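Given next are the chains, with one letter for each unit.
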Amino acid sequence: MSAGMTFVMMIAMLFPKPQEVQLLEGAHKILPDRFILLKLDHPGQILPAGQLLQAALEKIGPRLELTASAGEDAGRIGAVLWLDPQQVPKAQGYRLTITPQQIQLVGHDRSGLFYGVQTLRQLARMAAGSGQLPCVKINDWPDFTHRGRATASKFFVTEEFTT
């Protein structure tokens, strides 16, 4: 985390701005004995999101291994990813919860999980090298079915300019 950047500043810098953000008490420390759990009957469906999360967290602290089963090591889960349209009712939506004990990311669908990881990646870039993330609860979903970025232009582009 760059000098002088607070957790509040990190949350304020997220783009696009999430629909709902609640800053929680404390910080989540990335510990070397933890792992990332891909909680799904067919974990290969969310493996790309898990790999992106793994790479993002590596910017903050030690590398966490990916697994599809916690086994008897449930107390060592550092992060868990899963899909649940009941918990996240809007398509492409996600809920990211970071507590001192664990990172939880649940998506409505794989797109939602992907966008949740993108939010976490932004936080990880801002917290790079600090060993910790802010504790936060974020609920987000798109306002429109097609995500994108609107831009404003003060120039009118004519048809002959585009051909």
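For the structure itself, look to the data block above.
Residues numbered from 1 in each chain as written. Predicted model: local features only at pLDDT ≥ 70, side-chain atom pairs only at ≥ 80, totals over all residues. Heavy atoms only, no water.

Details of helix H2 (residues 47-58)
Thinking step 1. Counted at 1.5 Å a residue, the expected span for H2 with its twelve residues is 16 Å, and the 16 Å between its end C-alpha atoms agrees.
Thinking step 2. If you check which residues of H2 are buried, you get Ala49, Gly50, Leu53, Gln54, Ala56 and Leu57. Here the buried residues of H2 occupy an arc of 165° about the axis, which is enough to place them on one side.
Thinking step 3. Close packing links the buried residues of H2 with strand E2 (35-38), strand E3 (65-67), strand E4 (77-83), strand E6 (103-107), helix H3 (110-126) and strand E7 (132-140). (Helix = DSSP H or I, 4+ residues; strand = E, 2+ residues; numbered from the N terminus. Expected span 1.5 Å × (residues − 1). Buried < 20%, exposed > 50% of the residue type's maximum accessible area, 1.4 Å probe, protein only. Arc of directions from axis to C-beta. Contact = heavy atoms within 4.5 Å.)

With respect to the pairing of E7
Thinking step 1. Most of E7 sits inside the fold, with seven of its nine residues counted as buried.
Thinking step 2. Inspection of the sheet shows strand E1 (residues 20-29) paired to E7 by seven bridges, in the antiparallel sense. What sits directly across from Gln22, in E7, is Lys137.
Thinking step 3. Pairing of strand E5 (residues 94-98) with E7 involves five bridges; the strand directions are antiparallel. (Pairing = 2+ DSSP bridges.)

A closer look at the sheet that holds E1
Thinking step 1. A sheet is described by the order of its strands in space; here seven strands give the open sequence E1-E7-E5-E6-E4-E2-E3, paired in mixed fashion. Only two strands of the sheet have a single partner each, and these edge strands are E1 and E3. Averaged over all neighbouring strand pairs, the angle between strand axes comes to 20°, with direction disregarded.
Thinking step 2. Relative to E6, E5 is paired through five bridges, and the arrangement is antiparallel. Bridge assignment links Tyr94 to a residue of E6, and that residue is Gly107.
Thinking step 3. Running at roughly 165° to E2, H2 makes contact with E2, E3, E4, E6 and E7 of the sheet.
Thinking step 4. Relative to E5, H3 is tilted by about 35°, and along the sheet it contacts E4, E5, E6 and E7. (Axes fitted to C-alpha atoms, helices over the stretch in contact; angles between N-to-C directions.)

Some words on the pairing of E2
Thinking step 1. Alternating residues of E2 divide into Phe35 and Leu37 and Ile36 and Leu38, and every residue in both groups is buried.
Thinking step 2. Note that E2 and E3 share three bridges and pair parallel. Bridging from a neighbouring strand, Ile36 pairs with Leu66 of E3.
Thinking step 3. With H2 bridging E2 and its parallel neighbour E3, the resulting β-α-β unit is right-handed.
Thinking step 4. In this structure, E2 lies alongside E4, joined through four bridges in parallel fashion. Residue pairing for E4: Leu37 is matched across the bridge by Val80. (Right-handed = clockwise from strand over helix to strand, strands pointing away.)

A word on the pattern of salt bridges
Thinking step 1. Applying the stated criterion across every chain, the model contains four salt bridges.
Thinking step 2. Residues Arg63 and Glu65 are paired through a salt bridge, measuring 3.9 Å at the closest nitrogen-oxygen approach.
Thinking step 3. Looking at Arg63, the relative accessible area reads 43%, which means it is partly exposed.
Thinking step 4. The class for Glu65 is partly exposed, based on a relative accessible area of 49%.
Thinking step 5. A network of salt bridges, in which partner residues are shared, links Glu58, Arg63 and Glu65. (Salt bridge = Lys/Arg side-chain N within 4 Å of Asp/Glu carboxyl O.)

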